[in-house]
Amino acid sequence: MTEIPSAGSIPISAVTGDPVVRVAANATVADVAQAIIHGEVGAVVVGNDERPTALVSERDVVRVLAAGDDPAAVRAIDVASKNLIWCDANTTIDEAAVRMMNHYIRHILVERSGVLIGIVSARDLLGVY
């Protein structure tokens, strides 16, 4: 009988199907909101670097709105997370989930050979489990 691997042992790259959505380095939070809606994603990368250093999530957009700030006047880079957590494409789902929990994050960036290949959210992991 062929053994079926557990969901947690699948490589994280198996759930990086959606293309990475990006906004320009000089984008506003309003631009990010549009990119999130059009890309149907929960987070976008700021800039075009192969290994980005800034990520803006839905929650970041909501924080700007809740503060009463004008999203068209706030720069995305000013609200972006800059302490990004990465994993290799061969990292297992379980390993990525533990890393996300340890860092209290909802998105982990997935790389192969130092290049971003996808972003995996906590929601994506829930779908696997």
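Note that the coordinates shown come from a computational prediction; the quantities given were computed from them, not determined experimentally.

What counts as what
Residues numbered from 1 in each chain as written. Predicted model: local features only at pLDDT ≥ 70, side-chain atom pairs only at ≥ 80, totals over all residues. Heavy atoms only, no water. Helix = DSSP H or I, 4+ residues; strand = E, 2+ residues; numbered from the N terminus. Rg over C-alpha atoms; globule rule 2.2 N^0.38 Å. Buried < 20%, exposed > 50% of the residue type's maximum accessible area, 1.4 Å probe, protein only. Arc of directions from axis to C-beta. Contact = heavy atoms within 4.5 Å. Phe/Tyr/Trp six-rings, centres within 6.5 Å; stacked < 30°, edge-to-face > 60°. Lys NZ or Arg CZ within 6 Å of the ring centre and 35° of its normal. Core = buried A, V, L, I, M, F, W, Y, C linked by side-chain atoms within 4.5 Å. Pairing = 2+ DSSP bridges. Salt bridge = Lys/Arg side-chain N within 4 Å of Asp/Glu carboxyl O.

S.K.: Please set out the overall build of the chain residue by residue, giving values where relevant.
M.R.: Check the secondary structure of the chain and you find 5 helices and 6 strands. Listed by position from the N terminus, the elements making up the chain come as β-α-β-β-α-α-β-α-β-β-α. Over its C-alpha atoms the chain spans a radius of gyration of 15 Å, differing by no more than 12% from the 14 Å that the globule rule assigns to 129 residues. Projecting the C-alpha coordinates of the chain onto the three principal axes gives extents of approximately 60 × 30 × 25 Å.

S.K.: Just give me the short version of helix α4 (residues 93-103), but keep the residues and values in it.
M.R.: Taken as a whole, α4 has its buried residues at Ile-93, Ala-96, Ala-97 and Met-100. Buried residues of α4, viewed axially, fall in a sector of 100 degrees; they line one side. On the buried face of α4, the contacting elements are β5 (107-112), β6 (115-121) and α5 (122-128). Following α4 by one or two positions, Tyr-104 adopts a phi angle in the positive range, close to 55 degrees.

S.K.: Tell me about the packing of aromatic side chains, residues and numbers included.
M.R.: Applying the stated criterion across every chain yields a total of 0 aromatic pairs. The ring of Trp-86 has Arg-51 sitting right over it, with the charged end atom 3.9 Å from the ring centre.

S.K.: Tell me what's going on with helix α2 (residues 58-66), and back it up with residues and numbers.
M.R.: For α2, every residue scored as buried is listed here: Asp-60, Val-61 and Val-64. Burial along α2 is one-sided: seen end-on, the buried residues are contained in an arc of 100 degrees. Summarising the geometry of α2, the exposed residues directed more than 90 degrees from the buried face are Arg-63 and Ala-66. The secondary structure elements touched by the buried residues of α2 are α1 (29-39), β3 (55-57) and α3 (76-79). Just past α2, the residue Gly-68 takes up positive phi, approximately 80 degrees.

S.K.: Go over the nonpolar core, please, and point to the residues and values.
M.R.: Within the largest apolar cluster, 17 residues are counted, with the highest numbers of intra-cluster contacts made by Val-23, Val-32, Val-44, Val-46, Val-56, Val-61 and Ala-76. When contributions to this core are tallied by element, the ones reaching two or more residues are α1, β2 (43-46) and α2. Ranked by the residues each element gives to this core, the list is headed by α1, at 4 residues. With residues up to four places along the chain from it excluded, the contact list for Val-61 reads Val-29, Val-32, Ala-33, Ile-36 and Val-56.

S.K.: Give a description of the sheet that holds strand β1 (residues 22-23) that names residues and reports values.
M.R.: The strand order β1-β2-β3 describes an open sheet built from 3 strands, whose pairing is mixed. Each having just a single partner strand, β1 and β3 make up the two edges of the open sheet. Relative to β2, β1 runs parallel, the two being bridged by 2 bridges. When the sheet's bridge partners are listed, Val-23 is paired in β2 with Val-46.

S.K.: Residues and numbers for the pattern of salt bridges, please.
M.R.: Inspection of every chain in the model, using the stated rule, returns 3 salt bridges. For the salt bridge of Asp-60 with Arg-63, the shortest nitrogen-to-oxygen distance reads 2.8 Å. You can see Asp-60 and its partner Arg-63 sitting in helix α2, 3 residues apart, about one turn around the helix. Owing to a relative accessible area of 7%, Asp-60 belongs among the buried residues under this scheme. Here Asp-78 ties to Arg-75 by a salt bridge, and the two come within 3.2 Å at their closest N and O atoms. When its relative accessible area of 44% is taken as the criterion, Arg-75 is described as partly exposed.

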